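Chain and residue survey
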Amino acid sequence: MPEITGYHAHIYFDATTQGTAQQLCDEAARLFPVQVGRMHARNVGPHPRWSCQLAFAPKVFEQVIPWLMLNRQGLTIFTHPETGDHLTDHRDRAIWMGEMLALDLSIFDKMGA
């Protein structure tokens, strides 16, 4: 069984919800040991919407995920483990909060996943 070395929670937003997403990410960083990525006001990687990434360790999963579930303010959040198998992590091992969206998984073919 692969080892989970961390998690990424991608907070999706658009021009009208960017402020809400920023507040959510800032509050998560205040409450938990998460690393907040940049606010991407464009689609990045396999993600079909603008996003900001929260990266966190497995030991805080049980605190971060329930908090995101209760505080996402209608935003869609895509969470996946980090095992080194990017395609499987994004395609088969993900948790969706809100709308399930189609990812562009072709990026992983180019990466040799």
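An account of the accompanying structure is given in this report. (Residues numbered from 1 in each chain as written. Predicted model: local features only at pLDDT ≥ 70, side-chain atom pairs only at ≥ 80, totals over all residues. Heavy atoms only, no water.)

1. Notes on the overall build of the protein
Secondary structure assignment for the protein yields four helices and five strands. If you list the helices and strands of the protein from N to C, you get β-α-β-β-α-β-α-β-α. Projected onto its principal axes, the C-alpha positions of the protein cover 35 × 30 × 20 Å. Positive and negative side-chain charges in the protein, numbering 9 and 12 respectively, have mean positions lying 4 Å apart. (Helix = DSSP H or I, 4+ residues; strand = E, 2+ residues; numbered from the N terminus. Lys, Arg positive; Asp, Glu negative; His and termini not counted. Charge placed at Lys NZ, Arg CZ, Asp CG, Glu CD.)

2. Here we look at the pairing of strand S1 (residues 6-13)
Counting buried positions over the eight residues of S1 gives eight, a clear majority of the element. The alternating pattern of S1 places Gly 6, His 8, His 10 and Tyr 12 on one face and Tyr 7, Ala 9, Ile 11 and Phe 13 on the opposite face, and all of these are buried. Two elements, S1 and strand S4 (residues 77-82), share six bridges in a ladder whose sense is antiparallel. Across the sheet, His 8 pairs through a bridge with His 80, a residue of S4. (Buried < 20%, exposed > 50% of the residue type's maximum accessible area, 1.4 Å probe, protein only. Pairing = 2+ DSSP bridges.)

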